[in-house]
Amino acid sequence: MQEIADWVAMSPISDDRNNERAGTMIVVHHLNNSRSQRVLWLLEELNTPYRVETYRRDAKTNLAPSELRAVHPLGKSPVIQDGDLVLAESGAIIEYLLERHGNGRLVPARGTNEHVRYLHWMHFAEGTIMLHLVARLYLGRVGDAAKTMQARVEGMIGDELDLVEAELTRGGHMAGAEFSAADVQMMFPLEFAAFARLVDARHARLRDYLARMQARPAYRRAVDRGGADAFDAASAHDAAPFPRPSR
Ligand SMILES: N[C@@H](CCC(=O)N[C@@H](CS)C(=O)NCC(=O)O)C(=O)O
């Protein structure tokens, strides 16, 4: 396992010009049934070439294999490598890839309402709804002692899904009429919520949105590259099972 101090000492700062001269290709360290699906999907939307290194969750613990710790000290997915750069945290990866390979695509113009909404959903995905979905998953394993907290967390998730439902009346995407990287970032928690059966009859637009996103050609190509995904309606039957959070 790589020590954290060694990893910091490596100064993982990419020198773009050197990478381009060396013709290096982005490597996506992809874990099945995970947030790295976001990165594959974004790269497909951008038509940016990349190589996939696949890791499988442990069939019993559902955790990532220890090999991922050799790539990044936290051992989580996604991680990308671009030349000398090693970068974790899906939101940061998305912003980095857009800056380097986006040429302005998939980000609403600065100074517009859409851009503000884009910022909101980009941060909301990991900072709010994913936090509550993971809390619910863990509290579900505690038993009766966690019931009060679980009800509180479920209430917050319900409000958050209602907010997404309302947002979708304003143009059909997370940041207005146009598809953007906020859709890529938000899909994982929304798919996870649907998988946990938290998306219900109140969320008709959200259900339609999930189907529309999963039908995008770039999303389908990402599944082809990364392998069947437990949260994708079309390939879930071929995916390694993911333990469904209980109610
Ligand atoms: N906030 C991080 C979360 C990273 C994360 O927790 N990834 C999960 C997969 S969705 C993981 O690697 N889990 C395996 C494990 O914890 O062993 C991100 O957005 O990249």
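About the thresholds
- Residues numbered from 1 in each chain as written.
- Predicted model: local features only at pLDDT ≥ 70, side-chain atom pairs only at ≥ 80, totals over all residues.
- Domains from an automatic or database assignment.
- Contact = placed C-beta atoms within 7 Å.
- Helix = DSSP H or I, 4+ residues; strand = E, 2+ residues; numbered from the N terminus.
- Nonpolar A, V, L, I, M, F, W, Y, C, P; charged D, E, K, R; others polar.
- Axes fitted to C-alpha atoms, helices over the stretch in contact; angles between N-to-C directions.
- Parallel < 35°, antiparallel > 145°, perpendicular 65-115°, else oblique.
- Left-handed = near helix turned anticlockwise from the far one by under 90°.
- Buried ≥ 20, exposed ≤ 12 C-beta atoms within 10 Å, placed from the backbone.
- Pairing = 2+ DSSP bridges.
- Near = placed C-beta within 6 Å.
- Core = buried A, V, L, I, M, F, W, Y, C linked by C-beta atoms within 7 Å.

Undergrad: Summarise the domain arrangement of the protein; cite the residues concerned and give the values.
TA: When the domains of the protein are assigned, the result is domain 1 (4-101) and domain 2 (113-214). The distance between the C-alpha centroids of domain 1 and domain 2 comes to 24 Å. Every contact between the two is made by eight residues of domain 1 and, on the other side, seven residues of domain 2. Residue contributions to the side of domain 1 that touches domain 2 peak at four residues, all from helix H3 (residues 36-46). Classifying every residue of the side of domain 1 that touches domain 2 by side-chain character gives four nonpolar, two polar and two charged.

Undergrad: For the packing of H3 against helix H10 (residues 217-226), give the residues involved together with the corresponding values.
TA: The N-to-C vectors of H3 and H10 enclose an angle of 125°; their axes lie 8 Å apart at closest approach. Taken together, the axes of H3 and H10 lie oblique to each other. In this structure, H3 crosses over H10, and the sense of that crossing is right-handed. Residues Gln 37, Leu 40, Trp 41, Glu 44 and Glu 45 of H3 lie in contact with H10, whose contacting residues are Ala 218, Tyr 219, Arg 221, Ala 222, Arg 225 and Gly 226. Class assignment for the residues of the contact of H3 with H10 results in five nonpolar, two polar and four charged.

Undergrad: Tell me about H3, residues and numbers included.
TA: The element H3 is largely enclosed, with a buried count of 10 among its 11 residues. Within H3 the residues assigned to the buried category are Ser 36, Gln 37, Arg 38, Val 39, Leu 40, Trp 41, Leu 42, Leu 43, Glu 44 and Glu 45. Buried residues along H3 sit against strand E1 (26-31), strand E2 (50-55), strand E3 (79-82), helix H5 (90-101), helix H8 (181-195) and H10. At the C-terminal side of H3, Asn 47 shows a positive phi close to 55°.

Undergrad: Quick one: what's the story with the pairing of E3, residue by residue and with numbers?
TA: The side-chain alternation of E3 yields two buried faces, one formed by Val 79 and Gln 81 and the other by Ile 80 and Asp 82. Of the strand pairs in this sheet, E1 and E3 are connected by three bridges, and their pairing is antiparallel. From the neighbouring strand, Val 28 faces E3, where its bridge partner is Ile 80. Sheet analysis places E3 next to strand E4 (residues 85-88), joined by four bridges and oriented antiparallel. When the bridges of E4 are listed, Val 79 appears paired with Ala 88. Following E3, the chain reverses through two residues before pairing antiparallel with E4; Gly 83 in that reversal takes a positive phi of roughly 60°.

Undergrad: Residue-level account of the site of the ligand, with values.
TA: In the vicinity of the ligand, the contacting residues are Leu 31, Ser 34, Arg 35, Leu 63, Ala 64, Lys 76, Ser 77, Pro 78, Glu 89, Ser 90 and Glu 126. When its residues are assigned to classes, the shell around the ligand shows four nonpolar, three polar and four charged.

Undergrad: Describe unusual backbone geometry, and please don't skip the residues or the numbers.
TA: Geometrically, the link from Ser 77 to Pro 78 is a cis peptide bond, its omega value of 5° lying close to zero. Here Pro 78 is to be found in the loop between helix H4 (68-71) and E3. Even without a glycine there, the phi angle at Asn 47 is positive, about 55°. As for its placement among the helices and strands, Asn 47 is situated in the loop between H3 and E2. Backbone geometry at Asn 103 places phi at a positive 45°, although glycine is not the residue there. Turning to its location among the elements, Asn 103 is positioned in the loop between H5 and helix H6 (113-139).

Undergrad: Got a sec to walk through the nonpolar core? Specific residues and values, please.
TA: In terms of nonpolar packing, the biggest core is built from 53 residues, with Leu 42, Trp 121 and Ala 182 touching the most fellow members. Looking at this core, you find at least three residues from each of domain 1 (4-101) and domain 2 (113-214). Setting aside its immediate chain neighbours within four residues, Leu 42 contacts Ile 94, Leu 97, Ala 181 and Val 184.

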